Amino acid sequence: MYAFYSLLVYIFYTVFKKDEETVLEGACGETSEDPGHVSMETGSRRKVGHTPRSGKRQYDRISDSSNSSSSESDDLSLSDEDGDADESYSIPAKTPLAAFLSFKQETEKRKVSSVHTETGEKMIEPPLVAVMSHLLSFLEQYSHLQQLQQQAEQYRMQLRRHRVQHRRKMKALRSSYRQRLRDKSSVIHSLEEAIAQQQTPSPDNDTGTPGLHKLVQSLCGLQGERSLLRGELRLLHSQLEQREQDRHSKVQAFQQQIDELKSCIEEREEELSKLRIASGETDSEKRMLCLSAENESLKQSLSVTQGLLQQLSIIPSQSSSLLIKENENLRSRVLQLESTLQQRAEQLSRLERQSEQDQWRRGEELRRRDERVKELQLELDKERSKEPVVKYVTRTVEVESPSTLRQLTEARQKNDHLKQRLSNEKERCKQLEEKIRRSDEVSCNLQHKIAAYEREIESLQAELMKEIEHLEEKKDEAVKAAANCSQEQFQSLQDQFMTLQRRLNALPPTLRSMKTDYASLRSQVRNFAEFYGSAIKEAKKQISAAINEMSEANKDLLEKYRKEVALRRKYHEQLVELKGNIRVLCRVKPVLKEDQHDECQAVAVTTDPHNESALSVLSKGKAKTFELDKVFHPQATQEEVFQEIEPLITSCIDGYHVCIFAYGQTGSGKTYTMEGPVDNPGINQRALKHLFNEIEERKDMWNYTITVSSVEVYNEVLRDLLSKDGEKLDIKINPDGTGQLHVPGLRIKEVKNFQHIKKILATTRRNRITFGTQMNQHSSRSHALLTITVQGTDLATGTKTTGKLNLVDLAGSERVSKSGAEGERLKEAQNINRSLLALGDVIQALRGRQTYIPFRNSRLTYLLQDSLGKGNKTAMVVQISSLERNVEETLCSLKFAQRVCKVELGPAARKIESGSHCDNYS
Ligand SMILES: Nc1ncnc2c1ncn2[C@@H]1O[C@H](COP(=O)(O)OP(=O)(O)OP(=O)(O)O)[C@@H](O)[C@H]1O
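Remember, it's a predicted structure, so these values are computed and weren't measured experimentally.

Reading the values: the criteria
- Counting restarts for each chain, with residues numbered from 1 along the sequence as it is written.
- Predicted model: local features are reported for residues with pLDDT of at least 70 only, side-chain atom pairs are reported and counted for 80 or more only, and whole-chain, interface and lining totals are derived from all residues.
- Just so you know, side-chain values use all the structure's heavy atoms and leave hydrogens and water out.
- Note on conventions: DSSP H or I runs of at least 4 residues are helices, E runs of at least 2 residues are strands, and numbering of each starts at the N terminus.
- Polar contacts, as counted here, are pairs of nitrogen or oxygen atoms within 3.5 Å of one another; within protein the pair requires one atom able to donate a hydrogen and one able to accept it, and residues that are adjacent in sequence qualify only if both atoms are side-chain atoms.
- Residues are classed as near a molecule or strand on a simple rule: at least one heavy atom within 4 Å of it.
- Under the grouping applied here, Gly and all other residues not named as nonpolar or charged are polar, the nonpolar ones being Ala, Val, Leu, Ile, Met, Phe, Trp, Tyr, Cys and Pro and the charged ones Asp, Glu, Lys and Arg.
- Burial classification: accessible surface area is computed with a 1.4 Å probe over protein chains only, and a residue below 20% of its type maximum counts as buried, one above 50% as exposed, and the rest as partly exposed.
- UniProt positions are given in the numbering used here, feature names are shortened, and annotations may be inferred rather than shown by experiment.
- Contact definition: two residues touch when any of their heavy atoms are within 4.5 Å.
- For a helix, the expected span equals 1.5 Å multiplied by the number of residues minus one.
- We call a set of buried residues a nonpolar core when its members are Ala, Val, Leu, Ile, Met, Phe, Trp, Tyr or Cys and they connect through side-chain atoms within 4.5 Å of each other.
- Any two strands with at least two DSSP-identified bridges between them are counted as paired.
- Comment: axis = line fitted to C-alpha atoms, over the contacting stretch for helices; angle = value between 0 and 180 degrees taken between N-to-C directions.
- Put simply, a salt bridge is a Lys or Arg side-chain nitrogen that is within 4 Å of an Asp or Glu carboxyl oxygen.

Novice: Mind laying out the side chain of asparagine 886, listing which residues take part and the relevant values?
Specialist: In this fold, asparagine 886 is placed in the loop between strand E17 (873–881) and helix H21 (887–901). There is a polar contact of 3.0 Å between the side chain of asparagine 886 and the side chain of serine 881.

Novice: How would you summarise the site of the ligand if you had to cite specific residues and measurements?
Specialist: In the vicinity of the ligand there are 16 residues, among which Thr666, Lys670, Thr671, Ser779 and Ser780 approach most closely. One of the backbone N or O atoms of glycine 667 is found 2.8 Å from an oxygen atom in the ligand. Contact distances for the ligand include 3.2 Å between an oxygen atom and a backbone N or O atom of serine 668. Put simply, the parts of the chain that give the shell around the ligand at least two residues each are strand E1 (582–589), helix H14 (670–674) and strand E14 (779–780). Of all the elements, H14 adds the most residues to the shell around the ligand, at three residues. Of the residues in the shell around the ligand, the class split is three nonpolar, 10 polar and three charged.

Novice: Report on the side chain of serine 835, specifying residues and quantitative values.
Specialist: By secondary structure assignment, the location of serine 835 is in helix H18 (residues 823–847). The class for serine 835 is buried, based on a relative accessible area of 2%.

Novice: With reference to specific residues and values, describe the UniProt feature "binding site: ATP" (unreviewed entry) in the chain.
Specialist: The feature "binding site: ATP" (unreviewed entry), as given by UniProt, occupies Gly664, Gln665, Thr666, Gly667, Ser668, Gly669, Lys670 and Thr671 in the numbering adopted here. Sequence-distant contacts of serine 668, that is, excluding residues within four places in its chain, are made with Lys589, Gln879, Ile880 and Ser881. With respect to the secondary-structure elements, lysine 670 resides in helix H14. Of the residues examined, lysine 670 reaches a relative accessible area of 5% and is grouped as buried.

Novice: I'd like a description of helix H16 (residues 754–767), backed by residues and values.
Specialist: Between its first and last C-alpha, H16 extends 20 Å over 14 residues, near the 20 Å set by a 1.5 Å rise per residue. Those residues of H16 lying buried are Phe754, Ile757, Ile760, Leu761, Thr763, Thr764 and Asn767. Along its buried surface, H16 packs onto helix H15 (683–697), strand E7 (702–714), strand E8 (717–720), strand E12 (749–751) and strand E15 (783–794). For H16, the N-terminal capping position is held by asparagine 753, with its side-chain oxygen 3.4 Å away from the main-chain nitrogen of glutamine 755.

Novice: Now, about the nonpolar core: what can you tell me, with residues and values included?
Specialist: In terms of nonpolar packing, the biggest core is built from 50 residues, with Leu615, Phe661 and Met876 touching the most fellow members. Every element with two or more residues in this core is listed here: E1, strand E3 (611–619), strand E6 (657–664), E7, H18, helix H19 (859–863), E17 and H21. For this core, the leading source of residues is H18, giving seven residues. With residues near it in sequence (within four places) discarded, leucine 615 still touches Cys586, Val588, Val605, Thr606, Thr607, Lys624, Thr625, Phe626, Leu628, Val631, Ile880 and Leu894. Ranked by size, the runner-up nonpolar core spans 39 residues in total, among them Val641, Ile653, Met701 and Phe754.

Novice: Outline unusual backbone geometry, supporting the account with residue identities and numerical values.
Specialist: We note that lysine 620 has phi near 50 degrees; this positive angle belongs to a residue other than glycine. When you line up the elements, lysine 620 lands in the loop between E3 and strand E4 (622–627). Phi is positive for glutamate 716, which is not a glycine, with a value near 65 degrees. Residue glutamate 716 is classed as partly exposed on the basis of its relative accessible area of 28%.

Novice: Hey, could you go over the sheet that holds E3 for me, with residue numbers and the actual values?
Specialist: What links the strands of a sheet is backbone hydrogen bonding, and the strands pair in either a parallel or an antiparallel sense. Spatially, E2-E3-E4 is the arrangement adopted by the three strands of the open sheet, whose pairing is antiparallel. A single partner strand is all that each edge strand has here, and the edge strands are strand E2 (605–608) and E4. Across the sheet, the axes of successive neighbouring strands diverge by a mean angle of 25 degrees, strand direction being ignored. Bridging between E3 and E4 involves six bridges; their strand directions are antiparallel. When the sheet's bridge partners are listed, valine 617 is paired in E4 with lysine 624. The strands touched by H21 within the sheet are E2, E3 and E4, with E3 carrying the most contacts at an inclination of about 140 degrees.

Novice: Which residues make up the pairing of strand E16 (residues 800–809), and what values go with them?
Specialist: For a regular strand, side chains alternate in direction, first toward one face of the sheet and then toward the other. The buried fraction of E16 is high, at eight of 10 residues. Direction of pairing for E6 relative to E16: parallel, over a ladder of six bridges. Across the sheet, valine 658 pairs through a bridge with leucine 805, a residue of E16. From the end of E15 to the start of E16, which pair antiparallel, there are five residues, and glycine 798 there has a positive phi angle of about 85 degrees.

Novice: I'd love a proper account of H15, names of residues and values included.
Specialist: With 15 residues, H15 ought to run about 21 Å at 1.5 Å a step, and its terminal C-alpha atoms sit 21 Å apart, in line with that. Among the 15 residues in H15, 11 count as buried, and that is most of the element. Every buried residue belonging to H15 is among Ile683, Asn684, Gln685, Arg686, Ala687, Leu688, His690, Leu691, Phe692, Glu694 and Ile695, and all of these are buried.

Novice: Would you mind going over the pattern of salt bridges in detail, with residue names and values included?
Specialist: For the coordinates displayed, the defined rule picks out 12 salt bridges. With its nearest N and O atoms 2.8 Å apart, the salt bridge here joins glutamate 644 to arginine 583. Taken as a pair, glutamate 644 in helix H13 (residues 638–653) and arginine 583 in strand E1 lie far apart in primary sequence, 61 residues in all. In this structure glutamate 644 comes out as buried when scored by relative accessible area, which is 19%. With relative accessibility at 11%, the residue arginine 583 sits in the buried group. Of the charged contacts, one joins arginine 698 and glutamate 694 as a salt bridge, the two residues approaching to 3.4 Å between their closest N and O atoms. Under the relative-accessibility criterion, arginine 698 is labelled buried at 8%. In this structure glutamate 694 comes out as buried when scored by relative accessible area, which is 10%.

Here you go:
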């Protein structure tokens, strides 16, 4: 019986062993592969030996697939097949054996029970039945183990599917990110282009507003996209975290399953050992051996299963490590993207800040302009408020007082009539004078004639006397001869005597007529002188009467005229004040012929024909715009420049202190603008001409005295330009107690007419120190100052005014490194730059409305103290070169000009003196 059972067990063992071998075979095939390859081909490995029966088939597949590189799609198709195979999974080797064993066990039990019932003994379970039941339970456990393996496989498949899906999603995400990045970079590129366009100057991009709008739009777009991208990133993060959690939970579940499997295996081992002990008590040694072999094989299978399980645990860990790696990669990419985004955000914020700054700057400018407009508006309102008064006065004069108007017109008519009469009288006077002159001429001729006649008469008389004496002699001789000669001779002598007598008789009528002519002429001359004297007297009488009549009639008119002049002056002053008591004009020097030969003749300065107060300078590829009171384009004439200055000259006649100075780089045209060439004079000469013209117009009411002085400041030393000796001068406070400055020993010349001033200007030009430098062939090395003082006296009131006009031609600022100045020239240049710096400090202090203005820091500013400060009128002509090679100096000059633009000198004060004291009123 035992032999039979052992045969059965042996059969079972061999069948079971065969299955295990296939499993082992699969396991060995797998373990023989390169371990490094395992990690690479995890997808293929996982198919190995998941069931004992399918192990061989799977191994074949693996060896096929391991030769070719497996793709993810292949993995997926395989996994689908496996999935199908899993569903139809069964243990054909186990079921008949279990059925057979259970059947045998039942039969055995029945036999035992029948034997026991027959014998009436207590039923004891035979060891074979016990072994069978153990075997059966083991088979059950085994099937359970297989189920667990199946589950593990399923988990593995699920994991793989997840991985593939995850990979796909990541791929899609990556491509979408790439696309987005590409989009971003194109946006950034376009943005950079826009910025570049913004930075590059273009004629239609002066205001920069469209570019800025575009920039702001693109910034907004980019911000929107950035927020979208951030949202998506957040979503992705949450998805990733979710997936990570899922993976963790799955790994944990899987680990739990593995732990369970391990505990099962341990239990089986225990049972097996128990079984061995149990069978050892009852079985033969052979069976013991068999069982131990079986046990061994079971152990092997267990170890294989454990190995598998380990692999299974490794695979998820590997896949998880891969996932972690991918995740890390993803994270690093996300970080990268975030850093790029951060950079972009920084760029954006920078751009935003820049645009904000730009906007702020523009706002500031607009605010300043608004303030100026408001100020102007206020002034205009003030003017307008005055307008009704003026209108009222006009209405009173014109509407409410028609009689006054009538009187005025009558007076005017009378005045015209008197003027007419006066001119008639003058005409008559002229005619009379002409007559007198002609009669004088006639009388002179007559006197000449008379003298000639007298001389002729005298000679004739002398001749006559001679003839008479001769005749007398002849007569005596004849008488004597008659006494001695014949009658015939006496007769002939008588004839001769008769002819002589006739001739003598013929002479007296001419002589007589000549005498009467002479007498009449004399009387005429005497009478004419009387007539002339009386006529002149009469004319004078008439003229003085006419003048008296006219002055009487014109008193009112004169008064009104005075008022009108005063009003005109007031409005003129207001106009000047409205324009600003400090005006900054800029003149661009044209490119001259000599500059055209130069290599660097590119032009960097452009003026705007539609905006007279703006110009732009191109420096290092950027256009900088400057706004001043007036910009003269290179072709502007000397007259055009003077037109802007003219109102200030008029102010000087009215009793204001005015300072006009030319500032700029050496060779930029300061001397040309102030002095000018002889055939095309500059501001100095034109200003003096205007002064004389204006004075001529006002001569009926005002009496003016004009005095001129001229000095130069060379190396901080003061020299008189009207004297040749070049004596050093000093500036002192006037001892008269007025607190005014004066220069002892300075020549001050009174000028009577324009021709005189021309000579004076020529002298100053000759005496000024100039040298040829690299920058200018006739560079003025000193600051030249022409001071014109206009003292006026109102003929009617006796009011006195003192106006002062300072015309300054500054020495040119220069970069010593560029001009190559050495020795004496270097010292000059340093002194020039120092005094210009002092001028800049004065301007800065005036601009800051400081109480202390550093006028005494240089001779130049000290001299200009009473014309440059508060209450005076100033105009600065900034001279610039348009050439690119001078762009730095041009920018410096323009920056200085803009600083001067911001100075407010307040209302100007007129220097007026009524009676004994001096008043200043604006
Ligand atoms: N607007 C102009 N039109 C024609 N020529 C000009 C003009 N401005 C200047 N020039 C010429 O340029 C040259 C230099 O000018 P100028 O001597 O007036 O310069 P500057 O500024 O006084 O120089 P520096 O400071 O060295 O004395 C002169 O030959 C002058 O005739």
